[in-house]
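Structural overview for review
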Amino acid sequence: MEAALLERDKIGVQDFVLLHDHLSLDEFLSNLEKRFKHDLIYTYIGPVLVSVNPYKELSIYSAEVMDLYRSEDFYELPPHVFALSDAAYRYMIDENRDQCVLISGESGAGKTEASKKILQYIAKASRHSKEVEDVKERLLESNPLLEAFGNAKTNRNDNSSRFGKYMDIQFDFQGIPVGGHILNYLLEKSRVVRHVGGERNFHIFYELLNSGDVVLLEKLCLSSDPHDYFYLKQGGVGSETTVHDNNMFKVVKHALDVCDFGQDQQQDLFAIVACVLHLGNLTFVQERGSRTQIPDEKCISIICKLLGCEENLLYTALLNRTVPAKDDEIKTPLSVEQAYQARDALAKAVYDRMFTWLVHRINDSLMSQKKERKMLFGLLDIYGFEIFESNGFEQFCINYCNEKLQQLFIELTLKSEQEEYLREGIEWEPVEYFNNKIICDLIDSKPMGMIAIMDEECVRPGEATDETFLTKMSDNIGKHDHFTSYECTDKTTKKTISRTEFRLKHYAGDVTYSVSGFLEKNNDLLYRDLKKVMTQTSNSVTLDMFNKEELEIKKRPESAATSFKQSLSKLMNILMSKEPSYVRCVKPNDSKRSSIFSRSIVEHQVKYLGLMENLRVRRAGFAYRRPHRFFLQRYKSLCPATWPHFSGSDRDGVQTLVNHLNYEEEDYRLGISKIFIRLPKVLFATEELLQARKHQLATSIQAKYKGFYTRKNFLRMRVAVIMIAKHWRRVMARRLLEKRKWAVQVIRKYIKGFMLRNEPECEENRGFIHFTRYNYLTRLRDNLPKSVLDKNWPAAPRLVQEANDYMRELYMSNMVRRYCTAMSPEKKARMEEKVVAETIFKDKKSSYPASIRQPFHHFTVTQIPGLQGITGLNQLHTQVFSKLSKKLDPPEEIVYACPATKFDRNGYKNRDRLFMLANNAIYLVAEKKEIKDVILFNSLKSISVSPFGDNILVLHLHPNDYGVKGDVILQTPNVFETCTKIANQVKNPELINIISKGVLVCIKHSLKTGKEGMIEFSEGPIAKTTKGKNGHLCVISSA
Ligand SMILES: Nc1ncnc2c1ncn2[C@@H]1O[C@H](COP(=O)(O)OP(=O)(O)O)[C@@H](O)[C@H]1O
Ligand SMILES: [Mg+2]
């Protein structure tokens, strides 16, 4: 860490611990001065922040800088009040420990500014959300409000806090601000009626007068010139209003709105402020021999109007005093002097109570709605040590307060630190420091402390004055080292002190107090008459401030000093219960100048603030300490031997842990109950390891949890699955059982039905019969014949035999009927031809059965089957046909044609011909489209066909007919079709003669010469037609 710090430390050192000679005050001051000259106003002494008032605006408080400091480690960035705030804030959240920041220093050293910066930082660093913004705004706005009423310009500080303030910011467990609470201490109320030259009264008076709000001023009967008011014009030059006042009035108004002050309440509040000013302008006169009077009654009527009370009541109360006598009360008139005193007392009391009322109202608006325990972040900004030319009761109280705070600082840092080392058994060389307990005791011990003496003097019977008080002190504590008065000192000192003064040797220096006013201020008396009038006002704020019960209390109220002492003691307890952080403020000069560093002034502060002792203890000591248990608890995850649990003692655990972390011998000490770590860098390194380890741990916790969760889920699901499966199996088993039972019934019924199937239908066989029928019908439906020729029909059981026969007949006839009705006339004609062919050929020619399936053709002139194979005739087309037919005599219609082979009668040479059948004759057309043969039907005697599979037909002609040259031998592609067509045309099926099978099957045919030729038919393995050696035509058809 040092190396890093030094590297950044271009100017001086950022931490006094790093000074070369930490015992040298000179070196300390030089470092402070060097840094101050470069606007580096912050320097550390370990965790304590030393701040030097720059008396000028620096650019180190922007939002960007806040972001920079957020969540950075304390020593990672240059010293800053933000770093301190961040560390305390984070410590509070991480460790759940209440914090407090103690800001100390002389008046004008920058305490209030520092506290504002801390508050701003906390507001910025904590989480943002709508509701939180509201709380934050109130916390922030409470500041200017209280400053307006409680701060004033003094000769040391233009914005000096004239009251002590302790503010608790409340956070929920996440570190979100949820509320706040303010404690106020001893307002310097004497300032309301008196202030010294160059100073001013409380800001609010000037801010109100310079508000520019004419309507408001008119309502309050105020002018805008402070010199019109006695209470404001005592400061002379330098106590005027400024432009700043005008702006601040707007800020105050806004703050009042934010903190929930209603408009009426605000009016009443300003009425009281105005009322105080008017009170100051009240004058008293006493004509000789008469009572004291108020010459200007206008003033009193304004006051009464503002407070809402009866004029004569106030008038009487201001000029008289009622003293209780035995059973009665005696009213005694006041002298002019007493009247002035009463007036001032009233003004002070009214202002003081108004201030306390204001704090209470602010607290109401800051009050958190949440009930749960809150973490507290305390900010103490209390008046600093003061030495004026003339010091009175207020300075005495203020300086006493600072003594107490110094005591606390000593308790918490120097003393406790050293005691701790001793207690923990760590070798230690004690550091000398001045313990101011002796001064605190001088002031507040009993019975001979100064406060005790003062209280006694106030209540004792007889004439008690400030002087008698001084004498009493000289008598009782005159010998004390820290007390001096004129009466009990040597000659040389007598020259510096008057008879009405005493001197206290404070830890921060000698202060001479003028005793005058001590008793009166300590008594803090406001005549009962005036209190009573205040309870009878109609102003809501005064009514709140003065209650009637107070009038009933006969007991003497606590003296001012004692109640201050008590509230301080309470404050000390509050602070002691928290983890403290320190800001030690130093002012560089007495003249509020930005660039002057007065060594002597700073040296004085450094001395009395005990900064050198602080540094010495720090250098000798350890930066960090934690009870073994907490240290082990926090870092045990970094060592396998201590994670997750260490079985031995906490101290052994810590020892194991630091051994594992390789701490150097010099880096740490193990005390009896705590570990001490010398340098922050060692802790930071460990902390960094922890941060890295946290991620690992988080991952493994996540994994474990996911595993656990999934397994739990799985087990739950498994139980559910088993349960469902069990029930489902039962359902299934039951269903199976039902089904089997049913099946048994069905089978039994079926068998019984089967056995009784031939009996008349009865209960037992009805089911079977139905089933059989049903079964039969469905089978039949699926296996019905598809065509007329399909003769398959499913077998039927006996039970339905009769019905089956009917159905078969019906179905078949229906199918035939449908077939017939669907048939075209042409097809019908073909079919009829087929019937004719059957009558001619059935059982007579062996190739006939095979030809049945071969359909006969419907003749058209364009479709002559087989014609393509015949060269020369293949170009025959319609025209040629019609030409040919026209050649016929008489012209005829050709009804059939087919290619044919004509065998020559004589040599059986074969020739291609077209066979054409017309109305009256058969024509044979040769290749060249000439009609070669005309066979008139009249000449046709018969036609012979063999019983075998050949296609030869012999047309026998009447030999004597004209032109007949003999019988014609033809071969056509389909002898059955050709013959049938001819028979149909001739209308004589008998014309066809099929030779019966015999040993020798032959057909004789006639030749022109009257001779005969012979055609022999036989069956053989290969079909062929040849001329035999015997001169016959041999036709072999394949068997
Ligand atoms: N950090 C700072 N930056 C700029 N000016 C500062 C700073 N601290 C103090 N001052 C100046 O010093 C004046 C007195 O400071 P203040 O905080 O009121 O003193 P204290 O409260 O200790 O009496 C402020 O009004 C301001 O002008
Ligand atoms: Mg202040």
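Residues numbered from 1 in each chain as written. Chains lettered and ligands numbered in written order. Predicted model: local features only at pLDDT ≥ 70, side-chain atom pairs only at ≥ 80, totals over all residues. Heavy atoms only, no water.

**As for the overall build of the protein**
Helices and strands together make up the secondary structure of the protein, namely 35 helices and 31 strands. The principal-axis extent of the C-alpha atoms belonging to the protein is close to 205 × 80 × 75 Å. Buried positions account for 49% of the 1039 residues belonging to the protein. Excluding contacts between residues fewer than 6 apart, the proportion of contacts in the protein whose partners are at least 24 apart in sequence is 63%. Summed over all atoms, the accessible surface of the protein reaches about 52,500 Å², with 53% contributed by carbon and sulfur. (Helix = DSSP H or I, 4+ residues; strand = E, 2+ residues; numbered from the N terminus. Buried < 20%, exposed > 50% of the residue type's maximum accessible area, 1.4 Å probe, protein only. Contact = heavy atoms within 4.5 Å. Areas by Shrake-Rupley, 256 points an atom, 1.4 Å probe, with all protein chains shown as cover.)

**Here we look at the site of ligand 1**
Around ligand 1 lies a shell of 16 residues, among which Asn 53, Gly 108, Lys 111, Thr 112 and Glu 113 are the nearest. At 3.0 Å from a nitrogen atom of ligand 1 is found a side-chain nitrogen or oxygen belonging to Tyr 61. Protein chains shield 87% of the accessible area of ligand 1, which is 550 Å² for the free molecule. (Near = heavy atom within 4 Å. Polar contact = N/O pair within 3.5 Å; in protein donor to acceptor, adjacent residues only side chain to side chain.)

**Topic: the coordination of the magnesium ion (ligand 2)**
Protein coordination of the magnesium ion (ligand 2) is provided by Thr 112 (OG1) and Ser 161 (OG), with donor distances spanning 2.0 to 2.2 Å. Remark: Ser 161 occurs in strand β5 (residues 160-161) and Thr 112 occurs in helix α5 (residues 111-125); sequence separation between them is 49 residues. Like Ser 161, Thr 112 is buried. (Donors = N, O, S within 2.8 Å, 3.2 Å for Na, K, Ca; no water.)

**Brief notes about helix α18 (residues 466-477)**
Given a rise of 1.5 Å per residue, 12 residues ought to cover 16 Å, and the 16 Å separating the end C-alpha atoms of α18 matches this to within 8%. Inspection of α18 places Asp 466, Phe 469, Leu 470, Met 473, Ser 474 and Ile 477 among the buried residues, and these make up the whole buried set. Angular distribution of buried residues about the axis of α18 spans 135 degrees; they occupy a single face of the element. Lining the buried residues of α18 we find α16 (437-444), α17 (450-459), β13 (483-485), β14 (501-506) and α20 (518-523). (Expected span 1.5 Å × (residues − 1). Arc of directions from axis to C-beta.)

**Here we look at the packing of aromatic side chains**
Taken as a whole and judged by the stated rule, the model has 37 aromatic pairs. Taking 6.5 Å as the distance between ring centres and 75 degrees as the angle between the ring planes, the aromatic pair formed by Phe 396 and Phe 502 counts as edge-to-face. Linking Phe 396 in helix α15 (residues 393-423) with Phe 502 in strand β14, this pair joins segments that are 106 residues apart in sequence. When sorted by exposure, Phe 396 lands in the same class as Phe 502, which is buried. (Phe/Tyr/Trp six-rings, centres within 6.5 Å; stacked < 30°, edge-to-face > 60°.)

**As for the pairing of strand β22 (residues 921-925)**
For β22, the buried fraction is high: 5 of the 5 residues fall into the buried class. Residues of β22 alternate between two faces, with Ala 921, Tyr 923 and Val 925 on one and Ile 922 and Leu 924 on the opposite face, all of them buried. In the sheet, strand β21 (residues 910-918) pairs with β22 via 4 bridges, with the strands oriented antiparallel. Counterpart to Leu 914 in the pairing with β22 is Val 925. Counting the residues in the hairpin turn of β21 and β22 gives 2 residues. Sheet topology note: the β22/strand β23 (residues 931-936) ladder contains 5 bridges and is antiparallel. Considered in β23, the bridge of Ile 922 is made with Ile 935. (Pairing = 2+ DSSP bridges.)

**Concerning the environment of Phe 631**
Mapped onto the fold, Phe 631 is located in helix α27 (residues 628-635). Residue Phe 631 is classed as buried on the basis of its relative accessible area of 0%. The spacing of Phe 631 and Arg 651 is 20 residues in sequence and 9.7 Å in space, taken between C-alpha atoms. In contact with Phe 631, not counting residues within four places along its chain, are Tyr 624, Arg 626, Lys 636, Val 654, Leu 657, Val 658, Tyr 663, Ile 675 and Ile 677.

**Focus on the sheet that holds strand β7 (residues 177-185)**
Read from one edge to the other, the open sheet built from 7 strands follows the order β1-β2-β16-β3-β12-β6-β7, with strand pairing classed as mixed. Edge positions in the sheet fall to β1 (42-45) and β7, since each has one partner strand and no second. Each adjacent strand pair in this sheet contributes to an overall mean axis angle of 20 degrees, direction not counted. In this structure, β1 lies alongside strand β2 (residues 48-52), joined through 4 bridges in antiparallel fashion. Across the sheet, residue Tyr 42 finds its bridge partner in β2, namely Ser 51. Sheet strands touched by α5: β3 (99-105), β6 (164-171), β12 (375-381) and β16 (579-586). Its angle to β12, the strand with the most contacts, is close to 155 degrees. Contacts between α15 and the sheet are confined to β3, β12 and β16, with β16 contributing the most and set at about 125 degrees to the helix. (Axes fitted to C-alpha atoms, helices over the stretch in contact; angles between N-to-C directions.)

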